[in-house]
Amino acid sequence: MAIGNTSIPYLEKTFHPVTGCIGDGCKCKADCWAADLIRNRLAGTMKGLPEGDPFAPTFHEDRLGDAAALKRPTVLGLGFFGDLLDKAHADAVVRRVIGAMVLPHTYVLTTKQAYRLPDFQWPDNAVVGVSCCDQDDADARLHYLRACSASRLWVSLEPLIGLVTIYPATAAEWGGRLKTVVVGGEHKAVGARPMLRSWLRSLRDQCQDDLGAHFVLKQGSGAYPKHFPELDGVVYDHGCRRM
């Protein structure tokens, strides 16, 4: 399953030349949806996963050419079952995956290991992002995102568990490259941490007033979070499929 279907609204397909991650710096490691999916649902059907822990970081060299086989331009989530920049993946592995990001497709990727982003030359058809849950994450990762070479940047705030102020705070300081901020609550059957509407309003206003970025409110929080919930009577789904 190198090319997979997805319910993530801003993607059309997923591309998995790497799977798994160690989870350094992840505040949701115990409730990771990708780890749960691979360990409990895909371990018996997805080829090439390691024995013992199917979510251990793995480079699937045999999948590198699968995106090139797609016949129409497609928005692909790259490595959404892991982290391409996990420290377990050597620079040479990352460069081989970047080399497989062929036209005419768009590749959307996100990482928690943002410190590695400036080490690579990202192609124009890559939309490169960082994943943050709160202000500490944002402070640790956003400056590396700004320093990377990608022409299109985005921020994933999922699950949002605290108020986040995005720095730098203006479109000019980002060079107009920060295109989208996607926000969502924690999807968890029991004990989901709340996502306050005041946090959402702050992020919406930052995007609209200062950053010139699309604000996407992807989902609420709880056992059955609603996709694209209203915020003050408005559904913020713009930016999806236009990353």
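Think of each chain on its own: its residues are numbered from 1, step by step along the sequence as written. Selection of residues for local features in this predicted model requires a pLDDT of at least 70, selection of side-chain atom pairs for listing and counting requires 80 or more, and totals for whole chains, interfaces and linings are taken over all residues. Only hydrogens and water are removed before side-chain values are computed, so all heavy atoms of the structure are retained for them.

Novice: I would appreciate a short explanation of the pairing of strand 9 (residues 178–184) in the present structure.
Specialist: Look at any regular strand and the pattern is simple: side chains alternate between the two faces of the sheet. Categorising residues by exposure relies on relative accessible area from a 1.4 Å probe, with only protein chains included: less than 20% of the type maximum marks a residue as buried, more than 50% marks it as exposed, and the intermediate range marks it as partly exposed. A run of H or I in DSSP becomes a helix once it reaches four residues, and a run of E becomes a strand once it reaches two; helices and strands are each numbered from the N terminus. Here strand 9 lies mainly inside the structure; six of its seven residues are buried. The pairing criterion for strands is at least two bridges between them, as found by DSSP. With five bridges joining them, strand 8 (residues 152–157) and strand 9 adopt parallel strand pairing. Each bridged residue has a counterpart across the sheet, and for Leu-153 the counterpart in strand 9 is Leu-178. For the crossover from strand 9 across helix 4 (residues 197–211) to strand 10 (residues 214–219), the handedness is right-handed. When the strands point away from the viewer and the path from the first strand over the helix to the second turns clockwise, the crossover is right-handed.

Novice: Even after reading the chapter, I still don't get the side chain of Asp-86, so can you show me in this structure?
Specialist: Inspection of the secondary structure assignment puts Asp-86 in the loop between strand 5 (75–78) and helix 2 (91–99). For the charge count, each Lys or Arg is scored as positive and each Asp or Glu as negative, with His and the chain ends excluded. The salt bridge criterion pairs a side-chain nitrogen of Lys or Arg with a carboxyl oxygen of Asp or Glu, the two atoms within 4 Å. There is no salt bridge for the buried Asp-86, and the closest opposite charge comes from Arg-116, which lies 6.5 Å off by N-O distance.

Novice: Which parts of the structure should I look at to understand the sheet that holds strand 9?
Specialist: Hydrogen bonds between backbone groups are what pair the strands of a sheet, and the pairing can be parallel or antiparallel. The strand order 1-2-5-6-7-8-9-10 describes an open sheet built from eight strands, whose pairing is mixed. At either end of the open sheet lies a strand with only one pairing partner, and these are strand 1 (3–4) and strand 10. Direction of pairing for strand 7 (residues 126–131) relative to strand 8: parallel, over a ladder of five bridges. Residue pairing across strands places Val-130 opposite Val-155, the latter belonging to strand 8. Between two residues, a contact is recorded if the distance between any of their heavy atoms is within 4.5 Å. Helix axes are fitted to C-alpha atoms over the stretch in contact, other axes to C-alpha atoms as well, and angles between N-to-C directions run from 0 to 180 degrees. Set on the sheet, helix 3 (residues 135–147) makes contact with strand 7 and strand 8; between it and strand 7 the angle comes to about 165°.

Novice: What exactly am I supposed to notice about helix 3 here?
Specialist: Residue pairs three or four apart in sequence face the same way in an α-helix, which turns once every 3.6 residues. A helix is expected to span 1.5 Å multiplied by its residue count minus one. The terminal C-alpha atoms of helix 3 lie 19 Å apart, and with 13 residues this matches the ideal 18 Å at 1.5 Å per residue to within 8%. Along its length, helix 3 shows its largest kink, about 35°, at Arg-141. Among all positions of helix 3, only Gln-135, Asp-137, Ala-138, Arg-141, Leu-142 and Leu-145 are buried. Buried residues belonging to helix 3 abut strand 7 and strand 8. Whenever a nitrogen or oxygen atom comes within 3.5 Å of another N or O atom, the pair is scored as a polar contact, on the condition that within protein one atom can donate a hydrogen and the other can accept it, and that pairs from neighbouring residues in sequence are kept only if both atoms are in side chains. The N-capping residue of helix 3, defined by a side-chain oxygen 3.3 Å from the backbone nitrogen of Asp-136, is Asp-134. The seven residues ending at a residue and the seven starting there each receive a fitted axis; the angle between those axes is the bend at that residue.

Novice: It is not clear to me how the nonpolar core should be interpreted in this structure. Could you clarify?
Specialist: Side chains of nonpolar character tend, in soluble globular proteins, to be buried together. In this text, buried Ala, Val, Leu, Ile, Met, Phe, Trp, Tyr and Cys residues form a nonpolar core when linked through side-chain atoms within 4.5 Å. Trp-122, Val-128 and Val-183 are the most contacted members of the largest nonpolar core, which totals 49 residues. Tallying contributions element by element places helix 4 first for this core, with five residues. Residues contacting Val-183, with those up to four places away along its chain left out, are Leu-157, Glu-158, Leu-160, Met-195, Leu-200, Leu-203, Phe-215, Val-216, Leu-217, Lys-218 and Gln-219. Tyr-10, Leu-11, Phe-80 and Phe-228 belong to the second largest nonpolar core, which has 11 residues in total.

Novice: Got a minute to help me understand the environment of Pro-159 in this structure?
Specialist: Locating Pro-159 in the fold gives a position in the loop between strand 8 and strand 9. For Pro-159, a relative accessible area of 11% puts it in the buried group.

Novice: Looking at this structure, I do not really get the pattern of salt bridges. What am I missing?
Specialist: For the coordinates displayed, the defined rule picks out nine salt bridges. We note a salt bridge from Arg-96 to Glu-61, for which the minimum N-O separation is 2.6 Å. Of the two residues, Arg-96 is situated in helix 2 and Glu-61 in the loop between strand 4 (58–59) and strand 5; the sequence distance between them amounts to 35 residues. Put simply, Arg-204 and Asp-205 hold a salt bridge, and the shortest N to O gap is 3.1 Å. Assessed through its relative accessible area of 11%, Arg-204 is described here as buried. The exposure class of Asp-205 is partly exposed, given its relative accessible area of 31%. Where salt bridges share partners, they join Arg-201, Arg-204, Asp-205 and Asp-232 into one cluster.

Novice: Looking at this structure, how should I read the packing of aromatic side chains?
Specialist: The description of two aromatic rings rests on the distance between their centres and on the angle between their planes. Two aromatic rings from Phe, Tyr or Trp, using only the six-membered ring of Trp, form a pair when their centres are within 6.5 Å; if the ring planes differ by under 30 degrees the pair is stacked, by over 60 it is edge-to-face, and anything between is tilted. Under the definition given, this model contains four aromatic pairs. For the pair Phe-215 and Tyr-236, a centre-to-centre distance of 5.3 Å together with 75° between the ring planes defines the contact as edge-to-face. With Phe-215 in strand 10 and Tyr-236 in the segment after strand 12 (234–235), the pair connects residues that are 21 residues apart, well separated along the chain. By the burial criterion, Phe-215 is buried, and Tyr-236 matches it.

Novice: Mind showing me how you'd approach helix 2 here?
Specialist: Among the residues making up helix 2, those that are buried are Val-93, Val-94, Val-97 and Ile-98. Each buried residue of helix 2 sits inside an arc of 140° when the element is viewed along its axis, so together they form one side. Exposed residues pointing more than 90 degrees away from the buried face of helix 2 are listed as Ala-92 and Gly-99. Against the buried residues of helix 2 lie strand 3 (18–19), strand 4 and strand 5. The arc in question is the one spanned by the directions pointing from the helix axis to the C-beta atoms.

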